[in-house]
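# Residue-level structural notes
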Amino acid sequence: MSVDVLSVRKRQEGFQFVNEHDSDGDSDVEMSNGENAESTQEAKDGTIVTPGELVTDDPVWMRGHGTYFLENQTYASVAGTVSRVNRLLSVLPLRGRYAPETGDHVIGRIAEVGNRRWKVDIGAKQHAVLMLGSVNLPGGVLRRKSESDELQMRSFLKEGDLLNAEVQSLFQDGSASLHTRSLKYGKLRNGVFLHVPSPLVVRSKNHTHNLPGNVTIILGVNGFIWLRKTSEIDAASGSSTVIGKNAAAISGSKGEYKPGTSSVSITRLEEESSWEIYSDKNDHIPETTKNTITRYANVIKALAHCEIGITEARVVAAYEVSMAYGHIGSLIDKDNMESIGQDVINAEKMRGNA
Amino acid sequence: MVLSVTEKLYLHESLVSNPPARPDGRSADQFRPIEIFTDFLPTSNGSSKIVASDGTECIVSAKCKVVDHTLEEDLIEVDVDIAGHRDDSPLVQGTLSVLNRVLLSQIDRGSLRLTKKYSFKLYIDVLVLSSYSHPLTLISFAIYSALNSTLLPTLISSDDDLDVAELPTFHDYDLTKLTIKVPVLFTVAVCGKNVIVDPASSESDVANNGILVTWYDGKVTAPVRTLGLNEDYVSGITPQSLADGLKLIEDIAPKVVKALDS
Amino acid sequence: MNISDRRRILGPSNAKLLTFDKSGPVEIEPISSSSVPNSTSMYIENGLICNANGSSYLEVTGSTSEADRTLMLTSVYGPRPSRGAFNAKATLSVQFKEVTLEKIPAGELKELCNFLSNVFNAVINLERYPKSGIDVFLSLIHSSNGSQLYELESIISTCVNGITLALIDAGIEIFDTVSAGIYEKHIVAFVKNGTEIVGFWKGKDSASESEDILSIIEQCKLDYLKNRKAMVEYLVRCNDKEDHLQHEVTKQ
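Here the residue index of a chain counts from 1 through its sequence in written order. Here the convention is simple: chains get letters from A, ligands get numbers from 1, in the order in which they are written. Local features in this predicted model are restricted to residues of pLDDT 70 or higher, and side-chain atom pairs are both shown and tallied only at a pLDDT of 80 or more, whereas totals for entire chains, interfaces and linings draw on every residue. As a convention, hydrogens and water are excluded, and side-chain values are obtained from all of the structure's heavy atoms.

### With respect to the sheet that holds strand 18 (residues 224–229) of chain A
Neighbouring strands of a sheet are bound in pairs by backbone hydrogen bonds; such pairs are parallel or else antiparallel. Residues and elements named next belong to chain A. For two strands to pair, DSSP has to find at least two bridges joining them. Each helix is a run of DSSP H or I of at least 4 residues and each strand a run of E of at least 2, with the numbering of both proceeding from the N terminus. Read from one edge of the open sheet, four strands run 15-18-17-16, paired in antiparallel fashion. The sheet terminates laterally at strand 15 (191–195) and strand 16 (208–211), the two strands that pair on one side only. Pairwise comparison of adjacent strand axes, ignoring direction, gives a mean angle of 20° for this sheet. As judged from the four bridges shared by strand 16 and strand 17 (residues 215–219), these two strands associate in the antiparallel manner. Axis definition: a line fitted to C-alpha atoms, over the contacting stretch in the case of helices. Angles run 0 to 180 degrees between N-to-C directions.

Okay, structure coming up:
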């Protein structure tokens, strides 16, 4: 079977979840049923607990998210891992919607254009807010926001547009306020979007990576991922970006839009904040780059399918593994996805042992 | 989900290039993988559940009833429920009407005949639990699998009951397999000069037009028609594209049917 | 108001009845090619409904016998402001109603409306009308076809032609004069002189099963060209007449 038109898996026996493994008696999921629960040891940091399970009976712990308190005992209210930070005890859910935190690099999609603000879908329980004052407008930092900006908000960002941004602050109700006041944030183009469960993306210092094959990936902490052709800015900034450093590299590339700015100025924001940052046009993307992007997208889906945390190293490793499959379309097959996931894990284990 | 302008441009540009570069790397004639479960509903005569890789899920149940076929005109009745869509929405009503018409006009009444007076009437209930792209292909695959796994009670009374005022009687536990040919419906998206089969939702959003093609008994049959898959990119297509679309289905439909049968 | 009449739907008290142009039909001979045997003839009349933005009345006599007739009244309202979420382009809605006997199943009508709105989504320059809606109402006055209760094929093609004329009458921007052609249960809506298809409908299996799809389309194209010619001729003649009348008025 090289390339099949349709791959069908058939199951006659029914689709109910069947626990095929015999329970060995000592399951790691200890239910807090009956009096013996009280004598059991507390759940350690990192152990997996299920809702209703006793986490601790020690009242010194402060109770964080995912727990509840009953008769001096702390129970888990979500299925997830126990996290202990100083005296704060919380359970981080394995699944669930993204919970924004200040400083997160996220990707969002405009859901609504409102009064001096955009509502942005970031996959959280509430839409995030992007104020008109939190974006760079064409014309640079010193430009004042005027009434006309309020009236033409849709010409900057409209419903459906994708952007990457940073969570600036959180409101009382847990919804996020975003800002794009940096060159690395802003409207996204020249690429494709894909979505993985947010717990699979690990928070790190840097979320923009240049991958081999002239492709740049933005791994949003909220599980939204953007794959695009590496632009000059991306290439200049390398994998870790400090905005001021790449300023000189940028100015040359944009010369055609603003003649006469060849001299290096202190802040590049003005030049960069031309209308181009809100452009709705794609650059020319060669066929090979598109194929590479598709392959990256498929291997990321494969990693997500196998519930493997997504990092730059793993994406590259999976990409290399996937080269064994000549036809990119064959990567959507479940068996192939699982074998890629297995290969990535194996390779990591090998490296760890070596 | 609304796509951004640049995403759509990117997709459209990729799909009209030669050969079409689909967002998940599939070739033009490749379907997304599906999983089929059959015969899991104990109270219906035949059932199937189908899960596509994008999370689209559809359950079909077939139940039978003995009716006097001289009185009942229609021996098949389909009901469609799509989660998230009102029963009177164009999508649900259109799907329902297409399915009813296809099954009634194509399926041979004789295969449901029980005696000279009575026939089985099939009630086919379709429940789409979640749908991310045009669900018609998947529904028809599910109906196909459900009807091909349908078991009907075995008749033990005589099949000549014209003069006998007696209802048919059935064996207590023996069941006979229903053998009928079931039509399969395909959706094809036309993007520029290319035709692609089984468009995902993002592909539908940038397709120039869609074609609904019915496949029954080894050939393309009615209804065949254009389907607008979106409102932004819909435009005219050349007669050649239409012919290409039909040709594509003619090429792959036997393979699809074989895959469903296996 | 009469209390016993409560159960009846009377409509709002300030409802306006359909008013017809008092001036009466512009005297234009029905454009028909009935001299040629085995072909359809069409009678066209635009602007009958005054309180619509555009309307058309179409009478199509079938090819086989005089008894096959399809009478269709199309009215277009809009573009008018639409409420709710922001829309960068106009939204089109097509409603179909049988005014006399309701013979066509409701599901089939929904399919038909979907099909027609798809066809015209591709044809109307919707970008020109942001934040607005265009509503098309089709009233089937009569349809008969010998043995059958109704003939969906001729209804569909009449709908396509009728909507095009009504849109032209309403002055809504369209990319081309769409028209439909029928051949052996196949209906094809063409634009651009028959080089592009905006709608294809095959509802039933026809006798010419073995025939190649391209040759079927070619046959439909011939019918399309004929229909479009009749429509264009009517529009031209109408304009001439109006010019003529206006000229007379200014002379007085």
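Now that the structure has been shown, the text picks up again.
### As for the packing of aromatic side chains
Residue and element names in this part refer to chain C. To pair, rings of Phe, Tyr and Trp, with the six-membered ring standing in for Trp, must have centres within 6.5 Å; the planes then decide the type, stacked if under 30 degrees apart, edge-to-face if over 60, and tilted in the middle. Within this structure, the stated rule accounts for 11 aromatic pairs over all chains. Ring centres of Phe115 and Trp201 lie 5.1 Å apart, and the angle between their planes is 75°; on these two criteria the pair is classed as edge-to-face. Placement of the pair is Phe115 in helix 1 (residues 106–121) and Trp201 in strand 8 (residues 196–202), with a sequence separation of 86 residues. Comparing Phe115 with Trp201 shows no difference in burial state: the two are buried. Here's how the labels work: a residue is buried when its accessible area is under 20% of the maximum for its type, exposed when over 50%, partly exposed in between, all with a 1.4 Å probe on protein chains only.

### Describing the nonpolar core
Among buried residues, those of type Ala, Val, Leu, Ile, Met, Phe, Trp, Tyr and Cys that are joined through side-chain atoms within 4.5 Å constitute a nonpolar core. Ranked by size, the top nonpolar core spans 78 residues in total, and within it B:Val126, B:Phe141, B:Ile143 and B:Leu147 carry the most contacts. When residues of this core are assigned to their parent elements, the largest contribution, 11 residues, is made by helix 5 (residues 239–261) of chain B. Leave out the neighbours within four places in its chain, and B:Ile143 touches B:Val60, B:Leu99, B:Leu103, B:Ile124, B:Val126 and B:Val182. Counting 42 residues, the second-largest nonpolar core is a separate cluster that includes B:Val234, C:Ala122, C:Leu138 and C:Val178. We call two residues in contact whenever any of their non-hydrogen atoms come within 4.5 Å of each other.

### Here's the deal with the interface of chain A and chain B
If you look at the interface, chain A gives 44 residues, while chain B gives 40 residues. What counts as buried area is the accessible surface, traced by a 1.4 Å probe, that two parts surrender upon association, with contributions from both included. Approximately 3,400 Å² of surface area, both sides summed, lies buried where chain A meets chain B, with 57% of it carried by carbon and sulfur atoms. Any Lys or Arg side-chain nitrogen located within 4 Å of an Asp or Glu carboxyl oxygen qualifies as a salt bridge. Remark: the boundary between chain A and chain B carries three salt bridges. For the salt bridge of A:Arg109 with B:Glu7, the shortest nitrogen-to-oxygen distance reads 2.9 Å.

### Points about the UniProt feature "domain: Exosome complex component N-terminal" (unreviewed entry) in chain A
UniProt positions are given in the numbering used here, feature names are shortened, and annotations may be inferred rather than shown by experiment. Listed under "domain: Exosome complex component N-terminal" (unreviewed entry) in the UniProt record, and renumbered for this structure, are residues 48–85 of chain A. Each end of residues 48–85 of chain A is marked by a C-alpha atom, and these two atoms are 16 Å apart; helix forms 0% of the span and strand 55%.

### Concerning the domain arrangement of chain A
Interface size is commonly expressed as the accessible area that is lost once the parts come together. Either an automatic procedure or a domain database provided the assignment from which the domain bounds are taken. One can read the domain layout of chain A as domain 1 (47–93), domain 2 (96–188) and domain 3 (189–237 + 282–353). Inter-centroid distance (C-alpha atoms) of domain 1 of chain A to domain 2 of chain A is 34 Å.

### Regarding the packing of helix 1 of chain C against helix 2 (residues 152–170) of chain C
Residue and element names in this part refer to chain C. At a minimum axis separation of 11 Å, helix 1 and helix 2 run at an interaxial angle of 40°. Regarding the angle of helix 1 to helix 2, the classification is oblique. Here helix 1 and helix 2 pass one another in a crossing that is right-handed. On helix 2, the residues touching Glu108, Leu112, Phe115, Leu116 and Phe120 of helix 1 are Leu152, Ile156, Cys159, Val160, Ile163, Thr164 and Leu167. Among the residues forming the contact of helix 1 with helix 2, the class breakdown is 10 nonpolar, one polar and one charged. Should an angle fall under 35 degrees it is taken as roughly parallel, and over 145 as roughly antiparallel, whereas 65 to 115 is taken as roughly perpendicular and any remaining angle as oblique. Take the far helix as the reference: if the near one is turned anticlockwise from it by less than a right angle, the crossing is left-handed, and if turned clockwise, right-handed. Basically, the charged four are Asp, Glu, Lys and Arg, the nonpolar ten are Ala, Val, Leu, Ile, Met, Phe, Trp, Tyr, Cys and Pro, and anything else, Gly included, counts as polar.

### Concerning the packing of helix 3 (residues 136–148) of chain B against helix 5 of chain B
All names here are of chain B. Where helix 3 contacts helix 5, the axes come no closer than 10 Å and their chain directions differ by 45°. Comparing the axis directions of helix 3 and helix 5 gives the class oblique. With respect to the hand of their crossing, helix 3 and helix 5 are arranged in right-handed fashion. Along its contact with helix 3, which presents Phe141, Tyr144 and Asn148, the element helix 5 presents Val256, Val257, Leu260 and Asp261. Its residues assigned to classes, the contact of helix 3 with helix 5 comprises five nonpolar, one polar and one charged.

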